[in-house]
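These are the residues of each chain, in order.
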Amino acid sequence: MKAQRRLLTVFDGRALSPPPIWLMRQAGRYLPEYRATRAKAGGFLDLCYTPALAAEVTLQPIRRYGFDASILFADILVVPDALGQAVRFVEGEGPRLDPLRSAADVARLSIAAAAQKFGIVAETVQRLRQDLPAETTLIGFCGAPWTVATYMIGGQGSNDQAATRSFAYRDPVTFQALVDVLVEASVVYLDGQVRAGADMLQIFDSWAGSLPEDEFDRWVIAPTRKIVADLKRLHPGLPVMGFPRGAGLHGARFMRETGVDGISCDTSMPLQHIRGTLSGRTVVQGNLDPLLLVAGGAPLERRVREIVRTLGVNPFIFNLGHGIVPETPPEHVARLVELVRSPGLLG
Ligand code: CP3
């Protein structure tokens, strides 16, 4: 069965023409059918914890566009929520958590208690594996410990992660304890997803770009390496992608030292730099600006060609450099898929 899944063959070192395509946040508010299901579910986390509805919104973009991969519908903040730090999604504002402040707060997090909610997400994966077309790769995911910790310490999103960077400088022992819990919980969570039918994994480190080099090693590379090693011990040959957003000049080191099989490149990474440092050495994914997909038209088409011509000669997966935004016209996504799949794009 798996052999039919085209996207997975890039991990055997094959450059495919046309390249496989999926988009980060391909399920979401830009689709009217997502908004309808979301309204039925009530809260955002209710949607994540109702397998029938979570599977339904995962399938919506596959039905519309026939992407090569489907990403499980859930959120990186399922992990802190399952560990016992309640997460709320405030309409129009984003996630809110009661910030962790002390070693005692960290000690209260419970991996044993997380099993129940992790099990619900695994049930979504199981349904998806049954309902997806056989050729569609199913991607499981989690947030990387550093990025998840920024929400757990900061209590919400921020542009500079100042609260968490300060916490880690002030009390590295407690911060390490938190990262260790997140590593262990992430391995349990991802192992459950793979056993339920996920073909590959992606680890989202959306805020990797805010750390200086020593802290990048300690809070981004080391925990990611441990998660990847543990999962590969449990599931030899399992492809794992990293998304160290904003890692910039740390990217090649991230590739060499974490053991990931591929890197999702953010919008700011120059194509020639990706070509020179990552492409051909690992699977590369990316990196169209999500706002260019909102704009559409000739500039979008030009950039898509440029990306595919520069990166498509080596094992490559077409994607955005960050998630789809809600303002995206669904017909621009249809045009993008048509364009990436048009013969002779590499020409
Ligand atoms: O389709 C998919 O990509 C799968 C599902 C998915 C979601 N979030 C659904 C979601 C995935 C993989 C994520 C990852 C995620 N979540 C990240 C890492 C990637 C990134 O974007 O940097 C982060 C940092 C989060 C945390 C998060 N979730 C925030 C900050 C927000 C609020 C901002 C926003 O866009 O509303 C969310 C909510 C969220 N997660 C939505 C979706 C579809 C929107 C919620 C809604 O329907 O109201």
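Since the structure is predicted, the reported quantities are computational estimates derived from the model, not experimental observations.

How each quantity is defined
Residues numbered from 1 in each chain as written. Predicted model: local features only at pLDDT ≥ 70, side-chain atom pairs only at ≥ 80, totals over all residues. Heavy atoms only, no water. Helix = DSSP H or I, 4+ residues; strand = E, 2+ residues; numbered from the N terminus. Rg over C-alpha atoms; globule rule 2.2 N^0.38 Å. Buried < 20%, exposed > 50% of the residue type's maximum accessible area, 1.4 Å probe, protein only. Contact = heavy atoms within 4.5 Å. Areas by Shrake-Rupley, 256 points an atom, 1.4 Å probe, with all protein chains shown as cover. Lys, Arg positive; Asp, Glu negative; His and termini not counted. Charge placed at Lys NZ, Arg CZ, Asp CG, Glu CD. Pairing = 2+ DSSP bridges. Axes fitted to C-alpha atoms, helices over the stretch in contact; angles between N-to-C directions. Expected span 1.5 Å × (residues − 1). Bend = angle between axes of the 7 residues up to and from the residue. Near = heavy atom within 4 Å. Polar contact = N/O pair within 3.5 Å; in protein donor to acceptor, adjacent residues only side chain to side chain. 1 Å grid on protein atoms, 1.4 Å probe; cavity = no way out; pocket = protein on both sides within 12 Å on 5 of 7 lines; lining within 4 Å. Sits in = over half its atoms within 2 Å of the grid points. Points joined across faces, edges and corners; volume = space filled by probe spheres on them. Nonpolar A, V, L, I, M, F, W, Y, C, P; charged D, E, K, R; others polar. Core = buried A, V, L, I, M, F, W, Y, C linked by side-chain atoms within 4.5 Å. Phe/Tyr/Trp six-rings, centres within 6.5 Å; stacked < 30°, edge-to-face > 60°. Salt bridge = Lys/Arg side-chain N within 4 Å of Asp/Glu carboxyl O.

**Student:** Even after reading the chapter, I still don't get the overall build of the chain, so can you show me in this structure?
**Tutor:** When helices and strands are counted, the chain shows 15 helices and nine strands. For the chain, whose C-alpha radius of gyration is 19 Å, the value lies close to the compact-globule estimate of 20 Å for 347 residues. Summarising its shape, the C-alpha atoms of the chain cover approximately 60 × 45 × 40 Å along the three principal directions. Residues classed as buried in the chain amount to 59% of the 347 residues present. Counting only contacts in the chain whose residues sit at least 6 apart along the sequence, the fraction spanning at least 24 positions is 73%. Split by element, the accessible area of the chain, about 13800 Å² in all, is 52% carbon and sulfur. In the chain, the 37 positive side-chain charges and the 35 negative ones have mean positions that sit 3 Å from each other.

**Student:** Sorry if this is basic, but what is going on with unusual backbone geometry here?
**Tutor:** Glycine aside, residues mostly have negative phi, and peptide bonds are mostly found in the trans state. Residue Pro-18 is bonded to the preceding Ser-17 through a cis peptide linkage, with omega at 0°. Gly-286 connects to Asn-287 through a cis peptide bond whose omega is -25°. Residue position: Asn-287 is located in strand S8 (residues 283-288). Positive phi, normally seen in glycine, also occurs at Arg-25, with a value near 60°. Looking at the secondary structure, you find Arg-25 in the segment before helix H1 (32-41). Even without being glycine, Gln-161 reaches a positive phi, approximately 55°. Take Gln-161: it is sitting in the loop between helix H7 (145-154) and helix H8 (162-170). For Gln-161, a relative accessible area of 3% gives the class buried.

**Student:** Whenever I open this one, the sheet that holds strand S9 (residues 316-320) confuses me. Can you help?
**Tutor:** Remark on secondary structure: sheet strands pair via backbone hydrogen bonds, oriented parallel or antiparallel. The seven strands lie next to each other as S1-S4-S5-S6-S7-S8-S9, forming an open sheet whose pairing is parallel. Strands at the two margins of the open sheet, each flanked by one partner only, are strand S1 (69-71) and S9. Adjacent strand axes in the sheet meet at a mean angle of 25°, parallel and antiparallel pairs treated alike. Packing of helix H10 (residues 213-234) onto the sheet brings it into contact with strand S5 (200-205) and strand S6 (240-244), and relative to S5 it is tilted by some 165°.

**Student:** Quick question: what am I supposed to make of H10 here?
**Tutor:** In an α-helix, one full turn covers 3.6 residues, which means residues spaced three or four apart are oriented alike. Helix length check: H10 (22 residues) gives 30 Å between terminal C-alpha atoms against 32 Å at 1.5 Å per residue, within 8%. A maximum bend of about 30° is found in H10 at Ile-221, where proline Pro-223 lies one to four positions downstream. Looking at H10, one finds that the buried residues are Phe-216, Trp-219, Val-220, Ile-221, Pro-223, Thr-224, Ile-227, Val-228, Asp-230 and Leu-231. Against the buried residues of H10 lie H7, H8, helix H9 (172-196), S5, S6 and helix H11 (251-258).

**Student:** I tried to follow the site of the ligand on my own but got confused; where do I start?
**Tutor:** Near the ligand, the surroundings consist of 22 residues, among which Arg-29, Tyr-34, Asp-75, Ser-206 and His-322 are the closest. At 3.3 Å, a backbone N or O of Gln-26 approaches an oxygen atom of the ligand. Note that a nitrogen atom of the ligand is positioned 2.7 Å from one of the side-chain N or O atoms of Asp-75. Compared with its free state, where it exposes 880 Å², the ligand has 87% of that area covered by protein. Cavity membership is defined here by more than half of the atoms lying within 2 Å of grid points; on that basis the ligand lies in the largest pocket. Contributing elements (two or more residues each) for the shell around the ligand: H1 and strand S3 (94-97).

**Student:** How should the layout of surface pockets be read in this particular structure?
**Tutor:** Here the largest pocket is characterised by a volume of approximately 1500 Å³. Grouping the amino acids of the lining of the largest pocket by side-chain chemistry returns 25 nonpolar, 12 polar and 10 charged.

**Student:** For this particular structure, what's the right way to read the nonpolar core?
**Tutor:** Soluble, globular proteins show a tendency: their nonpolar side chains are buried together. Core analysis: the largest hydrophobic core is formed by 124 residues, its most contacted members being Phe-175, Leu-178, Val-304 and Phe-318. When residues in this core are grouped by element, the largest group, 12 residues, is from H9. Apart from the residues lying within four places of it in its own chain, the contact partners of Val-304 are Leu-288, Phe-318, Leu-336, Leu-339, Val-340 and Leu-345.

**Student:** Just to check I follow, could you spell out the packing of aromatic side chains for this structure?
**Tutor:** The geometry of two aromatic rings is summed up by the distance between their centres and the angle between their planes. The tally for this structure, following the rule as stated, stands at 11 aromatic pairs. Where Phe-118 meets Tyr-189, the ring centres are 4.5 Å apart and the plane angle is 35°; that geometry is what we call tilted. Taken as a pair, Phe-118 in helix H6 (residues 111-131) and Tyr-189 in helix H9 lie far apart in primary sequence, 71 residues in all. For the pair Phe-118 and Tyr-189, one class covers both residues: buried.

**Student:** Just to check I follow, could you spell out the environment of Glu-33 for this structure?
**Tutor:** Note on placement: Glu-33 falls in helix H1. You can call Glu-33 partly exposed: its relative accessible area is 22%. In sequence terms Glu-33 and Leu-7 are 26 residues apart; their C-alpha atoms lie 26 Å from each other. Residues contacting Glu-33, with those up to four places away along its chain left out, are Gln-60 and Arg-64. Within the local environment of Glu-33, its side chain forms a polar contact with the side chain of Arg-64, the two groups lying 2.7 Å apart.

**Student:** How do you make sense of the pattern of salt bridges when you look at a structure like this?
**Tutor:** Pairing between side chains of opposite charge can happen when their charged atoms approach one another. One pass over the structure, following the stated rule, counts 18 salt bridges. Glu-301 is the partner of Arg-335 in a salt bridge, and the nearest nitrogen-oxygen pair spans 2.7 Å. Taken as a pair, Arg-335 in helix H15 (residues 330-340) and Glu-301 in helix H14 (residues 297-311) lie far apart in primary sequence, 34 residues in all. Taking the relative accessible area as the measure of exposure, Arg-335 reaches 30% and is therefore partly exposed. Between Arg-335 and Glu-338 there is a salt bridge, with its nearest N and O atoms 2.4 Å apart. In this pair, Arg-335 and Glu-338 both sit in helix H15, three residues apart, roughly one turn of the helix. Judged by its relative accessible area of 48%, Glu-338 falls in the partly exposed class.

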